[in-house]
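# Tertiary structure, described
Each chain, letter by letter, is given below.
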Amino acid sequence: MKITVRNDAVMIDGYVNAIERYSKPLPSRSGVFVERIAKGAFTKALERNEDVKLLLDHDYNRELGSMKRGNLELTEDTIGLKAHAEITDAEVIEQARRGDLIGWSFGFSDIDVTNSTENGLPARTVNDMDLCEVSLINRKMVPAYDGTLVNVRSINGEKKTVNYSERTED
């Protein structure tokens, strides 16, 4: 995820989720499982929903924009769900300056799932879904899918790189 901080906005580019890659073990009523999103699932979802919301930490009271408002672009490519967002929320700008934005997450309802086993754990492959929202995640939450590097660049070019795997929750 690349974050560029300007005086009045934050530009964020990166992948919300990679396709065909398993999540961290996730809790459910019947134990833990892993999940992956199949190639094409995001494309199908975006064809059905032209107004995916952009939230902070999955909180619908913290809507930062949407595709319809024009400050969020989402596309699926050969890597995964790619996002470009421009956010003018003062709190999010400050979190970006402090390096507190650690990744992306997404909210969906599954439509078509294939169940299997991966390394001894129950596994779900989501072949189709209704994508409701994508969320910027700060240090209050942990994304279900592992992130890589978060790159923050201010308008003056100062760069700060944080490896998510080295962070701990506050």
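Ranked by internal contacts, the top residues of the largest apolar core, which has 33 residues, are Ile12, Leu54, Leu74, Trp104, Leu131, Val134 and Leu136. The element that contributes the greatest number of residues to this core is strand β10 (residues 121–138), accounting for five residues. Not counting residues up to four positions away in its chain, the partners in contact with isoleucine 12 are Met1, Lys2, Ile3, Ala83, His84, Ala85, Ile87, Leu101, Trp104 and Leu136.

For the rest of this paragraph, the subject is the packing of aromatic side chains. The geometry of an aromatic ring pair comes down to the distance between the two centres and the angle between the two planes. Across all of its chains, the model carries two aromatic pairs by this definition. Here phenylalanine 42 and phenylalanine 106 contribute two aromatic rings whose centre-to-centre distance is 5.4 Å and whose plane-to-plane angle is 75 degrees, an arrangement assigned as edge-to-face. Of this pair, phenylalanine 42 sits in helix α1 (residues 41–48) while phenylalanine 106 sits in strand β9 (residues 101–118), and the two are 64 residues apart along the sequence. For the pair shown, phenylalanine 42 and phenylalanine 106 are each scored as buried. On the basis of an interplanar angle of 25 degrees and a centroid distance of 5.4 Å, the ring pair of phenylalanine 106 and phenylalanine 108 is categorised as stacked. Phenylalanine 108 gets classed as partly exposed once you look at its relative accessible area, which sits at 22%.

Let us look at the pattern of salt bridges. One pass over the full model with this rule turns up 11 salt bridges. Two residues, arginine 124 and glutamate 35, come together in a salt bridge whose shortest N-O distance is 2.9 Å. You can see arginine 124 sitting in strand β10 and its partner glutamate 35 sitting in strand β4 (residues 31–37), a full 89 residues away along the chain. Exposure remark for arginine 124: the relative accessible area of 19% places this residue in the buried category. Glutamate 35 gets classed as buried once you look at its relative accessible area, which sits at 6%. Connected via shared salt-bridge partners are Glu35, Asp110 and Arg124.

For strand β2 (residues 10–18), a buried count of seven out of nine residues is recorded, marking the element as mostly surrounded by other parts of the structure. The pairing of strand β1 (residues 2–5) with β2 spans four bridges and is antiparallel. The residue of β2 that forms the bridge with valine 5 is valine 10. Here β2 runs beside strand β8 (residues 80–87); their pairing, made up of eight bridges, is antiparallel. From the neighbouring strand, methionine 11 faces β8, where its bridge partner is glutamate 86.

Calculation criteria
Residues numbered from 1 in each chain as written. Predicted model: local features only at pLDDT ≥ 70, side-chain atom pairs only at ≥ 80, totals over all residues. Heavy atoms only, no water. Core = buried A, V, L, I, M, F, W, Y, C linked by side-chain atoms within 4.5 Å. Buried < 20%, exposed > 50% of the residue type's maximum accessible area, 1.4 Å probe, protein only. Helix = DSSP H or I, 4+ residues; strand = E, 2+ residues; numbered from the N terminus. Contact = heavy atoms within 4.5 Å. Phe/Tyr/Trp six-rings, centres within 6.5 Å; stacked < 30°, edge-to-face > 60°. Salt bridge = Lys/Arg side-chain N within 4 Å of Asp/Glu carboxyl O. Pairing = 2+ DSSP bridges.

Bear in mind that shape data such as this cannot, by itself, settle questions of function.
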